[in-house]
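# Survey of secondary and tertiary structure
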Amino acid sequence: MAAVTDLTINGVVMPQPAAEGVTIATEKVWSANTGRTTSGRMVGSVIARKTTVKLKWPVLTRAQAALIEQAVSGGDFVPMSYVDMAGNRVTKTVYFSTPSYTLYSWAEGLELVKDVSVEGIEQ
């Protein structure tokens, strides 16, 4: 996938994700009566399609990582906007998984964080 530009979360422009750092998956949501009959035939209806966007960033400054942490922790459901594989700007209302990251360097003046990642799951 091409680089994602102008990724925004809750109206805040995020740092550029890592190369290959954006994975978009669309999941089918099935009706409550979905299942297999006694003959083994699947029955049910797809009632919605919901998107999960997995995000991962390269090495970031402490301030950049804090910006991401604040954006994904700021509310139950927030807007996330990105450009999809067709080149269209898409905005989804999402909630976020718990962000994770690795403290890469905490040396004074070289405070860096790596492997910052989080998932945005459509409401």
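None of these values were measured; they are calculated from a predicted model.

Another point: the nonpolar core. Among the nonpolar cores identified, the biggest contains 21 residues, and I9, L55, W57, M80 and F96 are the most heavily contacted of them. Counting only elements with at least two residues in this core, the list comes to β6 (46-56), α1 (62-72), β8 (78-83), β9 (89-96) and β11 (110-122). With four residues, the top contributor of residues to this core is α1.

A few words now on a nonpolar patch on the surface. Residues Y101, L103 and W106 make up a contiguous nonpolar surface patch of about 360 Å² in total accessible area. Position of Y101 relative to the elements: it lies in strand β10 (residues 100-107).

We now examine α1. Among the residues of α1, those classed as buried are A65, I68, A71 and V72. Taken end-on, α1 shows its buried residues confined to a sector of 125°, consistent with a single buried face. In α1, the exposed positions angled more than 90 degrees off the buried face are occupied by A63 and Q70. Considering only its buried residues, α1 is in contact with β1 (8-9), β7 (60-61), β9 and β11.

What follows covers the pattern of salt bridges. Oppositely charged side chains may form a pair once their charged atoms are brought near each other. Counted according to the given criterion, the structure contains three salt bridges. For the salt bridge of R62 with E111, the shortest nitrogen-to-oxygen distance reads 2.9 Å. On the criterion of sequence distance, the pair formed by R62 in helix α1 and E111 in strand β11 is long-range, its members being 49 residues apart. Accessibility expressed as a relative area gives 29% for E111, which makes it partly exposed. A salt bridge links K92 to E122, with the nearest nitrogen and oxygen atoms 3.7 Å apart. Of this pair, K92 sits in strand β9 while E122 sits in strand β11, and the two are 30 residues apart along the sequence. No difference in accessibility class separates K92 from E122, as the two residues are buried.

Reading the values: the criteria
- Residues numbered from 1 in each chain as written.
- Predicted model: local features only at pLDDT ≥ 70, side-chain atom pairs only at ≥ 80, totals over all residues.
- Heavy atoms only, no water.
- Core = buried A, V, L, I, M, F, W, Y, C linked by side-chain atoms within 4.5 Å.
- Buried < 20%, exposed > 50% of the residue type's maximum accessible area, 1.4 Å probe, protein only.
- Helix = DSSP H or I, 4+ residues; strand = E, 2+ residues; numbered from the N terminus.
- Patch = residues over 30% accessible without salt bridge, like charges linked within 9 Å, V, L, I, M, F, W, Y side chains within 5 Å.
- Areas by Shrake-Rupley, 256 points an atom, 1.4 Å probe, with all protein chains shown as cover.
- Salt bridge = Lys/Arg side-chain N within 4 Å of Asp/Glu carboxyl O.
- Arc of directions from axis to C-beta.
- Contact = heavy atoms within 4.5 Å.

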